[in-house]
Structure formats: C-alpha cells, structure tokens
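A structural walkthrough
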Amino acid sequence: MSHIHLPDGVIPTGWWLLGYIAAFVWLSLALRHAEAETTRRKLPFLAAMSALMLLTMSIPLGPLPFHLNLAVLTGIVVGPWLGFVAVLVVNIMLSFLGHGGLTTIGINTLITGLEVVLGWWLYHRLLGAWRLNWRALTATGLALLLSSTLAMSAIGLSTGVLDVGWHEHEGEQHVHHDITAAQPGDAATGANFLGLGSMGAVALILATGVAVEALATWVIISYVQKVRPELLLEESDL
Amino acid sequence: MSLKLAQVDYIAVSQRSFLHMWPTMPKLSGSMILLVGIIAASNLRQGAVLLCLLIGLLLSARLPVWLFSLALYPAFFSIPFALAQLSTSCAAAIAVICKAVSAALLLALLVASTPYPQLFGAMARALPPLISDALFFAYRLFFITLGSIQRLLLSLRQRGAFGRRNFVWSCRAALHALGYLMVNTLSISQRLDQNYRLRGYGAKGCLTTEKVAWRAIDGVLLVTLAVLVGGVLWLG
Amino acid sequence: MAERLVEMHGLCHTYQDQTEVRAEGLPFVVKAGQRVALVGATGTGKTTLLLHILGLLRPARGQVQVLGHDPARDFGLVRWDIGAVMQNPDEQIIGPTVFDDIAFGLRARGLPLAQVQERVQAIAQELGLASLLTKVPHHLSGGQKQKAALAGALISRPKLLVLDEPFSGLDPNCKRELVHLICHHSEQLGMAVILSTHDLELVPEIAHRVYVLHDGQLVLSGSPEEVFTCVDQLRAANLQPPAVIQLGLQLVEMGLIAQVPLSLEAGKNLLKGTRVKVKVHR
C-alpha cells in the first residue's frame, strides 16, 4: 500500500489529463520494449498477477485502514514493462468498483506503476547479489517509500492539501504562519496544530503500510522460493 | 471487494432492466456525458442534482441498493481533498465528496448493467490488443482464483490457522496461503496459455466478437441526456 | 492399412523439480479413425504423455511423431490438426462468452466471421449448447463447461482429438452423453481419439484399443476385451476391470456364457436362452 485510489472529480482536470498522457507514453514504451514472443508467453502471468492483485486488495487487514497490493511482487515476476500493463488492467477494473475513477486511471497507474518499476529494478538489479527474500523485503520497502512520497507530493501540489496545515483564513485573507520562526505559544493556533497533527498521522499510516507490504512480500517470496524459485528469477539468471 | 465484483458480475448477466437493455456503446457514451457533467459541476447544488439523478436511475432500474456502497469508498478517499476545500466553505467540501460519490455510483451502474464481455468488448476498440486481451484473461482468472481462495480460506480455518493465540503464526499461515495461491494461479495461467497456443492464440486481440450496435433512438437519448446535464450545470 | 497418426516409443521426461516421468515398454500407436484409451492409476504419467503428443513438452529421451512430424519442433504445423480437451475445463475456457470461446480456434485461423458463426451454431446445436452461446463461462455447470470445451476442440474438425480425463467430476448421464458425442463425431469425421482416464467402466463403449500405463511402462495393449480380461496384470497396475467384465469372467468360468461381454447390453444378449438349474432347499 502506498497509493490512494484517487476518485473522479477531486483533482484538477489538468493533472488527470497529464496523468493520462504520461501513462500513455509509458505504456507505449512498455509495449515496444516487451518483445512479441516474451509478451505472448508472459501474458498469462500478467493476467494471473492482475487477478491476484485484485483478490489481494479485498483481504482485510484487521483494523488497519489499507490493504496489500502486491505491485512490487508483480514487477518481480513479470518485469517492469508488463508489470505496468498489469497495474493498468487492475486500475481499469478497480475504477468500476469505486476504487479510483475513470479519469484518474492514468495517474493511479503511474503511482502504482512506479512501485512496480522501482521494485523490479531494486530486486533484480541493485540488490541482485543479496538473498532472494532480503532482496524482496528491501526492494518493496524502498519502492513503496519512494512512490508514496512522490504520490503524496503530487497530490499535495495538485490540490493544495499540504497547504491546509500551514495557513488559515481571517475573513477573505490568507494568513501564512511561519511555524519555524514563531514561539511555540504564538504558533499554537488551531490550523497549525491540525496541520502538523494530520501530516504526522498520514506519515504514520504510510509507514505502517509500507512495513506491512514489505513484510508480506518477504514472507510470500520465502514461500515461493521453496516451491517454484524459477518464478522469482529473470530468464538471464536461469 | 472481490465478492462484490462477483455479485456485480452476476447482476450484470442475470437481471433485465432498461439499463441492461440499452446497447453497450450508447450506454458508455451516456456514461461519459454524465461523467463530464459530474467533473464540471462547480458547486454543491449541481453535484447533488446529478447524484439524485443517478440514485433515481438505480432505483428505477430496480438494481440492488447495496450498489450504493461501492460509491462510499471514494467518499473516504476524497476526504483529504474535501479538507482542502474546508477553508473555503463547508458546502465546497461536501461538493467534493458528492462529486466523487456520484462518479463512483455512475460507474457502478454501468458495470452492474453491462456483462463484462460487452463492456470490455466495447473498450477493446479503443485499447491496444495486448491490454484488451489482458483484461479478458485477468477477469476470467479472477473468477477461477476466487473459487480457489474461498476453498483455501475455509481449509485454513478448519485446520486452525487463524487462532487468536499466535498472531504472528496466523499471519505467516495466511501469507503462505497467498504464496500458494500465487503459484497455483500462475500454473493455471500456464495451462491456459498451453491450451490457447494449441488453438492458435498470438496475443493479437481476437478474444471477443462483440458488435457495436447503434439505433436512432440512442442518438435521441444521448442528446436528451446532454441537454439535461447541460441544463443542470447552467441553471445550478 | 490405416495411416499411423501417432507413434511414440521410449518416452522419458524430467520436470523442473527433477521428477522423472516415463512411458517406456510397448510402443504407443494411434491410427487414423481409431479411438484409443490410455488408462493407468493416478500419477502414472498419462497427462505428461498427452502433453508430449500435443507438442507442449519436449522429451528428454524417446521419440514422438504426430502426423509425421515432431510435434514440439513443428508445433505450428501440427496444432491445426489436433483438438484437445484438458482435465479442468475451467482452465481452458477463456473466451468472454461461450460463443467467443468456441469460435476462437477458427478466428485464429482467419476464417470470416459469417462462416465462423455458421459453424459455431451448428456445433452448438449438436452438443446442446445453442441456448448457452451468449452465457458467461463462470456461470456454467461442470458438464456445460466440458461440452463447451469439447465444442471448441471439435469445431476445427481435427484429425486427432486428445482428451485428458474428460469424465472427471461429471454425473453418469453426462458421462454417457459425452461418450456418445465423442463416438459420433469420431465416426462422422474419421477422427482419431486419444482419451486418458482411470475410470474404466466407460472405456469398452468408446475405445477400439487400450493401453495400460504402470510404473513408467506401457505394460498392456490390445482391444478392451483383450486388456480387461488380464485381471491379474490390471490389478498389479492398481486398476480394477469394469464390473461387467468381472461379472462376465465369473459367468464364463461357471460355463453360463461363452465369452466375456463388454457391456450390459452384450451380457443380456449372451444370457438370453441360457437355462440355469436352481436348487431350492425346503
């Protein structure tokens, strides 16, 4: 979990259009890079991982306000290009079920696709010398951290959500509080307190989500390693 | 959510409402008109009218009321964005949530009144062959795997995998089950691929034979809908 | 002399987890128009053997020839003349609707849609699927899925039909219906059939020739009567002859009939006119 399923109608039109354009460009690259025979052979795996991602998202994690998504695991199994396609397929289906929206498929796919690509790169390239399960744990954690940070930044910039905690309205005027310079007593207005508290809560939820997903991927990889280790290796490693 | 997808799929193929009878392409076009209206809505009044219109469609088509619960997820996810509008006005914040809920309800109505072969078949005209085939494959595998996961969870529960005494052990058991499911699903997909290779499949998108049907009345309906949505936005 | 469609000898395959599956011993031969049953206990390698015939696996040792070609090497050539129905129909029906799945093979060959529609309608009528053509596969029953899979295999009028445990999970009526359909199409099209099963009751009704696979060896081959009367060898292979044959053997031993019947109907005919002395103890 690192992403919010952005619904329709909440982010400015320019941003979701940009999301679609960027996703389209990435998809074109993905389709070109994935060679015909590899694509045909890996299409069933792509579809299987898409189905698994959909199923896994429905598994409740007790009181935790998020779910697993297996995006990094998808990247590990099918590669970065087809992994992006798998994420697109999942987001199309999720948009019909209230998890995301039709206009935000592009931006939702970019955010999750980033996890797939980062996860694949970290697992197969940067950490290639490590043991499989430690690779999975680290790759998942880092990929989710990076993609979550970028996602939150993008959402914050596009909607000004980040701005909530740092300013308040006095009538028609915006008043920005410089919380670094002010005395603790002066700056303890309701808006500032709320802002710091809400950002802290978001950071805590994200960190928990990243940890849970990384641990889950680690355990799953440990299992698959015993049963079908060839699924976790690239063809060049076999 | 996976069970909801199964339930929605069943409603789409088994019920017969006026929404089900409307051909897929005109229905998709009508949905796009409504979606544009929802996104363009700039205040709570416009958003609320469109939401009421959709609820009216849900009730008049005699679709299950629980479909509305699919529209509640976006309400949760739109809260951060609504908070950003709270400093402007309370109505603006509620309008954000209203728009998100309306858009989700619209798509829920679409998918609950259109069997997936027709829906994906219509979408396949605009998607690359690989994506449209992946959509069909993934949807089919989802239902094959759904049965497996239900049986697996039952088996685990019967064998005491989810006891309250050892939380860590239970989590490990559940994740191993997920690993098993992953391996099993990949094996199934390989067997599917074997069978389809035998039948000549080459990832060139020839899984569906859905035809596009347009009638004169569909044009009239779409124009009426566009005028209605335009009227709501203009007068609201 | 009928053309030999399939010839296989001394097969050995090693899976990735190092499990070795062998089908050595007697040569496995299937002629044009012939229906062959491959029987053996669970786990003996029947499916592996069939996958080699379909060209989906390459043997580590041994030779496989299908229609005069190496099926793994000439997969693209051979596959158009083979139809297959695998063990789990759920894993081979992927078309969005029953119509799409049945039509798939013909559309993959590039036939015009009008011709495809005509042939799909025809095969659906024959198999009793006409009312199900617009249905979504995951709402079909097991028997309906099996028929849909069979329709998809038969529509391209193959020279060879390969069936892997096609009767598993079906009720007796469904099984009989499938047997009838397979025999009918085989005779109509002159199509050879290879059928793997561990349910021996139906084999005499469908097969001209039976091969028994046990412990990596093809140990028996012959007509159903020849094979199923070798009771000791069948039991050694963890198989039980069909009940009607076991009864027939007993009746032959008792001198009540002259030959072992292969079906209940044949048994009834053999018993007609037989006088039996009954001793009543008062």
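About the thresholds
Residues numbered from 1 in each chain as written. Chains lettered and ligands numbered in written order. Predicted model: local features only at pLDDT ≥ 70, side-chain atom pairs only at ≥ 80, totals over all residues. Helix = DSSP H or I, 4+ residues; strand = E, 2+ residues; numbered from the N terminus. Buried ≥ 20, exposed ≤ 12 C-beta atoms within 10 Å, placed from the backbone. Contact = placed C-beta atoms within 7 Å. Domains from an automatic or database assignment. Nonpolar A, V, L, I, M, F, W, Y, C, P; charged D, E, K, R; others polar. Expected span 1.5 Å × (residues − 1). Arc of directions from axis to C-beta. Pairing = 2+ DSSP bridges. Axes fitted to C-alpha atoms, helices over the stretch in contact; angles between N-to-C directions. Left-handed = near helix turned anticlockwise from the far one by under 90°. pLDDT = per-residue confidence, 0-100. Parallel < 35°, antiparallel > 145°, perpendicular 65-115°, else oblique.

The subject of this paragraph is the overall build of chain B. Within chain B, the secondary structure is distributed over 11 helices and 0 strands. The C-alpha extent of chain B, read off along each of the three principal axes, is 60 × 50 × 30 Å. Across the 236 residues that make up chain B, the buried fraction comes to 43%. Of the contacts made within chain B by residues no fewer than 6 positions apart, 81% connect residues no fewer than 24 positions apart.

A word on the environment of Ala32 of chain C. Residues and elements named next belong to chain C. With respect to the secondary-structure elements, Ala32 resides in the loop between strand E3 (28-31) and strand E4 (35-39). You can call Ala32 partly exposed: it has 15 C-beta atoms within 10 Å. Each C-alpha atom, one on Ala32 and one on Leu160, is 8.0 Å from the other, the two residues being 128 residues apart in sequence. Residues within four places of Ala32 in sequence aside, it is in contact with Ala2, Glu3, Leu5, Gly190 and Ala192.

What follows concerns the domain arrangement of chain C. Residues and elements named next belong to chain C. Taken domain by domain, chain C consists of domain 1 (4-234) and domain 2 (242-273). The C-alpha centroid of domain 2 is placed 30 Å from the C-alpha centroid of domain 1. Each partner contributes to the interface: domain 1 provides 9 residues, whereas domain 2 provides 7 residues. It is helix H8 (residues 224-228) that provides the largest number of residues to the side of domain 1 that touches domain 2, a total of 3 residues.

This part covers the interface of chain B and chain A. Facing 56 residues of chain B, the contacting portion of chain A comprises 50 residues. Residues that form the side of chain B that touches chain A fall into these classes: 41 nonpolar, 10 polar and 5 charged.

Moving on, we come to the domain arrangement of chain B. According to the domain assignment, chain B consists of domain 1 (2-115 + 214-235) and domain 2 (126-198). Relative to domain 2 of chain B, the C-alpha centre of domain 1 of chain B lies at a distance of 32 Å.

All names here are of chain B. Across its 17 residues, helix H3 (residues 24-40) extends 24 Å between first and last C-alpha, which sits within 8% of the 24 Å expected from 1.5 Å per residue. Within H3, the full set of buried residues consists of Thr24, Lys27, Gly30, Leu34, Leu35, Gly37 and Ile38. Seen along its axis, H3 keeps its buried residues to an arc of 160°; they face one direction. Contacts made by the buried residues of H3 are with helix H4 (44-60), helix H7 (90-112), helix H8 (116-124) and helix H11 (216-235).

For the rest of this paragraph, the subject is the interface of chain B and chain C. Contacts between the two partners involve 25 residues from chain B, matched on the other side by 25 residues from chain C. Considered class by class, the residues forming the side of chain B that touches chain C number 16 nonpolar, 6 polar and 3 charged.

Residue and element names in this part refer to chain C. When strand E1 (residues 4-14) meets strand E2 (residues 20-25), the two strands line up antiparallel, connected through 4 bridges. Paired with Leu11 across the two strands is Ala23, which belongs to E2. If you look at the hairpin formed by E1 and E2, you'll find 5 residues sitting between the two strands, and Gln18 has a positive phi there, around 70°. Sheet analysis places E2 next to strand E10 (residues 217-222), joined by 2 bridges and oriented parallel. Across the sheet, residue Glu24 finds its bridge partner in E10, namely Gln217.

Residue and element names in this part refer to chain B. Helix H10 (residues 167-198) packs onto helix H9 (residues 129-158) with a crossing angle of 145° between their chain directions and a minimal axis gap of 10 Å. Crossing of H9 over H10 shows right-handed handedness. Seen from H9, the contacting residues are Leu141, Ile144, Thr145, Ser148, Ile149, Leu152 and Leu156; seen from H10, they are Ala173, Ala177, Leu181, Asn184, Thr185, Ile188 and Ser189. For the contact of H9 with H10, the class distribution of residues is 9 nonpolar, 5 polar and no charged.

Looking at chain C, pLDDT values average 88 and 97% of them are 70 or higher. Scored as a whole, the predicted complex attains pTM 0.80, and scored at its interfaces, ipTM 0.86.

All names here are of chain C. Judged by how many residues are buried, strand E7 (residues 160-164) sits mostly within the fold: 5 of 5 residues are covered. By the alternation rule, side chains of E7 split into Leu160, Val162 and Asp164 and Leu161 and Leu163, which are all buried. Note: strand E6 (residues 82-85) against E7, 4 bridges, orientation parallel. Directly across from Ala84, in E7, lies its bridge partner Val162. Across 5 bridges, the pairing between E7 and strand E8 (residues 192-197) is parallel. Looking at the pairing, Val162 lines up with Ile194 of E8.

Over its 20 residues, H11 of chain B runs 29 Å from end to end, which matches the ideal 28 Å to within 8%, given 1.5 Å per residue. Burial runs low along H11 of chain B: only 2 of the 20 residues are buried.

All right, on to the packing of helix H1 (residues 13-33) of chain A against helix H5 (residues 105-126) of chain A then. All names here are of chain A. Interaxial distance between H1 and H5 falls to 7 Å at its minimum, and their mutual angle equals 55°. When the axes of H1 and H5 are compared, the pair comes out oblique. H1 and H5 meet at a crossing whose hand is left-handed. Note on element contacts: H5 touches H1 through Gly106, Ile107, Thr109, Leu110 and Gly113, opposite Trp15, Trp16, Gly19, Tyr20, Ala22, Ala23 and Trp26. Per-class residue counts for the contact of H1 with H5 are 8 nonpolar, 4 polar and no charged.

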